[in-house]
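Analysis of the macromolecular model
Each chain, letter by letter, is given below.
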Amino acid sequence: MKLILKIIVAIVVAAIIGFFALAPAYIDKSKNTVSIPPPHKKNSWYDSIPFIADLHCDELLWDRDLLKQIHYGHVDLPRMLKANMALQVFSVVSKVPSGINIEANDGNSDQIALLSFAQLRPISNWFSIKARALNQCAALHYFAKQSDGKLRVITSRTELKKFITDRKNDRSITSGMLGLEGAQPLEGDLKNLDEFYKIGVRYIGLAHFFDNEWAGSAHGLKKGGLTTIGKKLIRKMDSLHILIDLAHSSQQTINDVLALHNGPVLVSHTGVKGVCNNQRNLTDAHLVEIGKRNGLVGIGLWETAVCGKDATATAKSIRYAVDKIGIDKVALGSDWDGAFEMHFDVTGIPLIVAALQKENFTRSEIEMIVGGNVRDFFLRNLPQ
Ligand SMILES: [Zn+2]
């Protein structure tokens, strides 16, 4: 009897250790895959592109050392440097409903609570969306501090200008910026915005996969617009120079933002209905309106965004968007490490360059699309 008890205890202990040690990494490895594995060939001028940038990745969600190259997932510092990347925006995913889909989700369940528990993140992270979002933001600053100056966190125009100057003589440095994917980490309290500003968040997607206190999601149940406090949030974001990201917003939220706010907005990771018609992608009317306001549209690198599994598909959506709103308003918004299959990891940007050449973009146009436009947009719109 004693022996059986010992065996049962041993099995339970092994299962618990196995869960914490293996489950988070297993989820990370099995979700963040690629359709085209590396290595990827660069053309003769790829490494001379002055500023390569991407508007959206979810790397901070996972338990990784950003400074070390790993053999799975999509983004880490060594691979960013290999890809001649100047800036990656690290967006914070803080709550994801179970059974997630692009049509309709309620906000009653929370897979990130379970993931935070399995990752053994601080106990506050298991229960508070705000705590887990701040924790991810702090992680980027931690890695920057540990990086020997190779990774900088950009929060202002001044820092970005200095980084651009320094990088002219040193291609071994790169940078990151922080964004929120959905405003739910504010936990319904406008005062929390100050804390996220202070830690460096410079764009906020209003809603993610479910309708929240602030705005309706394209994938929510009601798909409503801005709420009363959502409108106050827009005004406060404006006053702080935190940019509005309309990725995942419902049609009505986009309409409400465009009615309330005159300045530029961005759509950090999206596709266009004109090429790939589904719930998450931008209509022509919204695309044009965002263009008129000097906004920036990041085109994605995954199947749901562009209806294809390679760089050619992304280049087609980029061509469509450029023809509608102009060469200076379209960028890359990969969604790397977003827990699904991407065309390729960050070292695959050369494939995008090649696909854009096939779409008859010139070298200087390609340089704008793969990062020049992001640089110029942030130089115009970040806080001083
Ligand atoms: Zn997203």
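Residues numbered from 1 in each chain as written. Predicted model: local features only at pLDDT ≥ 70, side-chain atom pairs only at ≥ 80, totals over all residues. Heavy atoms only, no water.

Quick word on the domain arrangement of the chain
You'll often see interface size given as the accessible area lost when the parts meet. Partitioning the chain into domains gives domain 1 (1-30) and domain 2 (51-381). For domain 1 and domain 2, the distance between their C-alpha centroids amounts to 36 Å. Each side of the interface is counted separately: domain 1 has 6 residues, and domain 2 has 8 residues. Summed over both sides, the interface of domain 1 with domain 2 buries roughly 760 Å², with 76% coming from carbon and sulfur. In this assembly, domain 1 and domain 2 are joined by 1 salt bridge. Between D28 and R64 there is a salt bridge, with the nearest N and O atoms lying 2.7 Å from each other. Where domain 1 packs against domain 2, one counts 1 residue pair in polar contact (both at pLDDT 80 or more). Taken together, the residues that form the side of domain 1 that touches domain 2 break down as 4 nonpolar, no polar and 2 charged. (Domains from an automatic or database assignment. Contact = heavy atoms within 4.5 Å. Buried area = accessible area lost by both parts, 1.4 Å probe. Salt bridge = Lys/Arg side-chain N within 4 Å of Asp/Glu carboxyl O. Polar contact = N/O pair within 3.5 Å; in protein donor to acceptor, adjacent residues only side chain to side chain. Nonpolar A, V, L, I, M, F, W, Y, C, P; charged D, E, K, R; others polar.)

Here we look at the coordination of the zinc ion
The zinc ion binds to the protein through E181 (OE), H248 (NE2) and H269 (NE2), with metal-donor distances spanning 2.0 to 2.1 Å. Mapping the donors of the zinc ion onto the primary sequence yields the spacing E-x66-H-x20-H. With E181 in strand β4 (residues 174-181) and H248 in the loop between β6 (243-245) and α9 (251-260), this pair connects stretches of sequence that are 67 residues apart. One exposure class covers both E181 and H248, and it is buried. (Donors = N, O, S within 2.8 Å, 3.2 Å for Na, K, Ca; no water. Helix = DSSP H or I, 4+ residues; strand = E, 2+ residues; numbered from the N terminus. Buried < 20%, exposed > 50% of the residue type's maximum accessible area, 1.4 Å probe, protein only.)

What about the packing of helix α6 (residues 157-169) against helix α14 (residues 363-381)?
Following both chains from N to C, one finds α6 and α14 inclined at 140°, their axes separated by 8 Å at the closest point. Compared by their axis directions, α6 and α14 come out oblique. In this structure, the crossing between α6 and α14 has a hand that is left-handed. Note on element contacts: α14 touches α6 through R375, F378, L379, R380 and N381, opposite R157, L160, K161 and I164. For the contact of α6 with α14, the class distribution of residues is 4 nonpolar, 1 polar and 4 charged. (Axes fitted to C-alpha atoms, helices over the stretch in contact; angles between N-to-C directions. Parallel < 35°, antiparallel > 145°, perpendicular 65-115°, else oblique. Left-handed = near helix turned anticlockwise from the far one by under 90°.)

Here we look at the packing of helix α12 (residues 311-325) against helix α13 (residues 349-358)
Closest axis-to-axis distance for the α12/α13 pair is 8 Å, and the angle between their directions is 55°. Between α12 and α13, the angle falls in the class oblique. Of the two possible hands of crossing, α12 and α13 adopt the one that is right-handed. Contact residues: α12 offers A311, T312, T314, A315 and I318, while α13 offers L351, I352, A355 and L356. Each residue belonging to the contact of α12 with α13 can be placed in one class, and the counts come to 7 nonpolar, 2 polar and no charged.

Comments concerning the environment of N212
By the element assignment, N212 lies in the loop between β5 (201-205) and α8 (228-240). For N212, a relative accessible area of 11% corresponds to the buried category. C-alpha of N212 to C-alpha of E187: the two residues are 25 residues apart in sequence and 9.2 Å apart in space. When neighbours within four sequence positions are excluded, N212 is seen to be in contact with A183, Q184, L206 and A207. Separated by 2.9 Å, the side chain of N212 and the backbone oxygen of L206 make a polar contact.

Topic: α14
Counted at 1.5 Å a residue, the expected span for α14 with its 19 residues is 27 Å, and the 26 Å between its end C-alpha atoms agrees. Helix geometry: α14 is bent most strongly at I369, by close to 60°. Restricting attention to buried positions, one finds in α14 the residues I366, E367, I369, V370, G371, G372, N373, V374, F377, F378 and N381. (Expected span 1.5 Å × (residues − 1). Bend = angle between axes of the 7 residues up to and from the residue.)

What to know about the pairing of strand β8 (residues 296-299)
Burial along β8 is two-sided: the face carrying L296 and G298 and the face carrying V297 and I299 are both buried. Across 3 bridges, strand β7 (residues 266-270) lies against β8 in parallel orientation. For V267, the partnering residue across the bridge sits in β8 and is V297. Handedness of the crossover is the feature at issue here: the chain leaves β7, passes through helix α10 (residues 284-292), returns alongside β8, and the resulting connection is right-handed. Relative to strand β9 (residues 330-332), β8 runs parallel, the two sharing 3 bridges. Considered in β9, the bridge of I299 is made with L332. (Pairing = 2+ DSSP bridges. Right-handed = clockwise from strand over helix to strand, strands pointing away.)

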